[in-house]
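Below are the chains, spelled out letter by letter.
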Amino acid sequence: MKIAVIGGGWAGIAAAVELTLRGASVTLFEAGRQLGGRARRADTADGSLDNGQHLLLGAYTDTQALMQRVGADPARLLRRLPLEVRDNRGFRLALPPWTPPLNLAWGLLTARGVPLGEKLRTALWMQGLKYRQFRLEQDSSVSHWLDAAGQTGVLRQRLWEPLCLAALNTPPAFASAQRFARVLRDSLGSPQSGATDLLLPRQTLSELLPDPACAWLQAQGARVLTRRRVRQLQQDGAGWRVEDEQFDQLILAVAPQHLAALLPGPGLPLPDYRYEPIATLYFHYPAGTALPFPLMALHSGHGQWLVDRGQGVIAASLSGHGPWEALEAAALAAALHGEICSLTGPRPLPQYQLIKEQRATFACTPDLPACPQTTPWPGLWIAGDHCWADYPATLEGAVRSGLTAARLSLAARHT
C-alpha cells in the first residue's frame, strides 16, 4: 500500500516510521530543508543551536521508544535527572529517585521557602486530584482552578504557574486547567517510576529524532523528499494524487494553520486556533560558565527559564505573548544577561543570538477541542500535536498522534 505523509515534523516522522515498519510504501514530503518541524536544529552558521527549547519528561514513553526504534539511544542523547525546580530567588523543590508517591511527598515536605501548612494542603490537594483521576468537573483557566483550590501561596508562584507556562506555552490566566491536570497526571501524579524525570538533550533536537529517522527511513526504502511543499491534494478514484503521483492513502501532518488550505473541501470541523510564540536567546559565554542547575526558572525580568546547554552556552526561553515582544534584541539580551549573572557571577555580555518562532504552539485554552484525526474523505487522516486531546502542544502529543494516524490508515485497508 502506497501512503504519502505530508509534513516532516515529529508527528509526520512517527507516522512514516510506523507505516514503514508495517510494510507500507511510504513517501514523506517536507517543505523545509530538514525534518523536524518546530523541534529541529536551527538554520545557524554552525548548526549547533535549536529553534527552541523543548521540555521532555520521563513520561514521554512513546517519544523515547520512537527514538530507540530509529537508532537514537535516549540513554546517550538525553541527560536524565530527577525532577527539580529551582529559581533565581532561592526556591527549590527536588524529587528524589524514589518510588511514587514517596518521591513527591518528600519533595513537597523538603521544598525550600514554603510554609509547612501550605505543603500539607498541597499534598492533600494532589491526593484529591489522583482520587478523581485528574478529571475536572469543568474546564477553566489554570488561574481560576488554582484560586478555587486555595493554591494561592508560594507553590503557586514558584511551581504551578512556571510549570503551566513551560508545558502549555500559554499564560495561566488563559491556559486550560484540564490539560494542565493531565500533564500533572502523567508526571507528578504518575505511579510509574521515572515518569517525573527531566530529560535534557545532550545534542540538538535534530539529532534526537529527525536526522536518525531520516536515515532510517531511507535505509528501509522509504522516500524522504525535503524542500517539497505540497500545495494541493486531489482525490483520484479510490486514492489520492500528490504532485502527479498516485497514493492509496494520505496522512496530513502539517501545522494547523496550513491544514485548511490542503483539505479537499469543507466538512472537517477545525478548532479556532490562536497561537503563542516562543523566543530563545542563546548566550555564548566562555567554556566553564555554568548555572547552579541545568534548568532554572526566572521570576523577574522577561524570561521564564534558563537552560544550560553546556560549554558555556546558556539559552533563555521566553514563552507566550508578553512585554518581551516590545523589546529590541539588544535590550532583551542586556536584561537577561543580568539575570544570568545573578546566578553565575558578573561577567561581560557575550555574543548572543535570538531565534523566534511566532507560531510555536497553539494557545491551549479551556475547552479547546482537538482536531479530528479521521476525516469525511476516505483514506485521508490527520496528525499533529493539535490532534492529541490529552496534552497541550508537546513532542509526546505529536508522536502519539502520528502513531495513531498510521494505525488508522493501516486498519482501514482491511475494512
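Going by the structure above, here's the rest.
Every chain's residues receive numbers from 1 upward, in the order its sequence appears when written. pLDDT decides what is reported in this predicted model: residues at 70 or higher carry local features, side-chain atom pairs at 80 or more are listed and counted, and totals for whole chains, interfaces and linings draw on all residues regardless. As a rule here, side-chain values cover all heavy atoms of the structure and leave hydrogens and water aside.

Focus: the side chain of K119
Working step 1: Here a helix means four or more residues in a row that DSSP labels H or I, a strand means two or more in a row labelled E, and each is numbered from the N terminus. Of note, K119 is situated in helix α5 (residues 116–131).
Working step 2: Per-residue accessibility, obtained with a 1.4 Å probe over protein chains only, is compared with the maximum for each type, and a residue is labelled buried under 20%, exposed over 50%, and partly exposed between these values. When charges are counted, Lys and Arg are positive and Asp and Glu negative, with His and the chain ends excluded. Any Lys or Arg side-chain nitrogen located within 4 Å of an Asp or Glu carboxyl oxygen qualifies as a salt bridge. Buried and unpaired, K119 has no salt bridge, with E118 as the nearest side chain of opposite charge at 9.3 Å.
Working step 3: At a separation of 3.1 Å, a polar atom in the side chain of K119 contacts the main-chain carbonyl oxygen of A111.
Working step 4: In this description, contact between two residues means that some pair of their heavy atoms is separated by no more than 4.5 Å. Aside from chain neighbours lying at most four places away, what touches K119 is L108, L109, T110, A111 and V114. Polar contacts, as used here, are pairs of N or O atoms within 3.5 Å; protein pairs need one atom able to donate a hydrogen and one able to accept it. Residues neighboring in sequence count only if both atoms are side-chain atoms.

A few points about the side chain of T122
Working step 1: Topologically, T122 is positioned in helix α5.
Working step 2: Of the residues examined, T122 reaches a relative accessible area of 0% and is grouped as buried.
Working step 3: Setting aside chain neighbours within four positions, we find T122 in contact with L108, Q151, L155 and W160.

Digging into the packing of aromatic side chains
Given two aromatic rings, their pairing is described by the distance between the two centres and the angle made by the two planes.
Working step 1: Each Phe, Tyr or Trp ring (for Trp, its six-membered ring) is paired with any other whose centre lies within 6.5 Å, and the angle between the two planes then decides the class: stacked below 30 degrees, edge-to-face above 60, tilted in between. A full pass over the atoms with the stated rule returns 10 aromatic pairs.
Working step 2: Look at W145 and F180: their rings are 6.4 Å apart centre to centre, the planes differ by 90°, and that puts the pair in the edge-to-face class. With W145 in helix α6 (residues 142–148) and F180 in helix α8 (residues 177–185), the pair connects residues that are 35 residues apart, well separated along the chain.
Working step 3: Both rings, one in F283 and one in Y285, keep their centres 5.8 Å apart while their planes meet at 25°; by these two values the pair is stacked. The same class applies to F283 as to Y285, namely buried.

Details of the nonpolar core
Working step 1: To qualify as a nonpolar core, a set must consist of buried Ala, Val, Leu, Ile, Met, Phe, Trp, Tyr and Cys residues joined through side-chain atoms within 4.5 Å. If you look at the biggest cluster of nonpolar residues, it comprises 134 residues, and the most contacted ones within it are W145 and W160.
Working step 2: W160 has contacts with T122, W125, M126, L146, Q151, L155, F180, L184 and L188, leaving out every residue within four places of it along the chain.

Thoughts on the pattern of salt bridges
Working step 1: One pass over the structure, following the stated rule, counts 22 salt bridges.
Working step 2: Notably, a salt bridge pairs D385 with R38, separated by 3.4 Å at the nearest N-O pair. In this pair, D385 is assigned in the loop between β18 (380–382) and α13 (395–412) and R38 in the loop between β2 (25–29) and β3 (56–57), connecting sequence segments 347 residues apart.
Working step 3: Given a relative accessible area of 6%, D385 falls into the buried group.
Working step 4: Residue classification places R38 among the partly exposed residues on the basis of a relative accessible area of 27%.
Working step 5: The partner of D390 in a salt bridge is R182, with the nearest N and O atoms 3.6 Å apart. Of this pair, D390 sits in the loop between β18 and α13 while R182 sits in helix α8, placing them 208 residues apart in sequence.
Working step 6: Take D390: its relative accessible area is 28%, and that puts it in the partly exposed class.
Working step 7: Sharing partners across several salt bridges, the network here consists of R182, R185, D186 and D390.

Digging into the sheet that holds β2
Working step 1: In this analysis, strands are considered paired if DSSP registers two or more bridges between them. Taken together, five strands build an open sheet; the order of strands is β8-β2-β1-β12-β18 and the sheet is parallel. This sheet does not close on itself; its edge strands, each paired only once, are β8 (223–225) and β18. Averaged over all adjacent pairs, the angle separating strand axes in this sheet is 15°, with direction ignored.
Working step 2: Summarising the sheet, strand β1 (residues 2–6) and strand β12 (residues 249–252) pair through four bridges and their orientation is parallel. Interaxial angles span 0 to 180 degrees and are taken between N-to-C directions of axes, which are lines fitted to C-alpha atoms, for helices over the stretch in contact.

These values are about where atoms sit, not about what they do.
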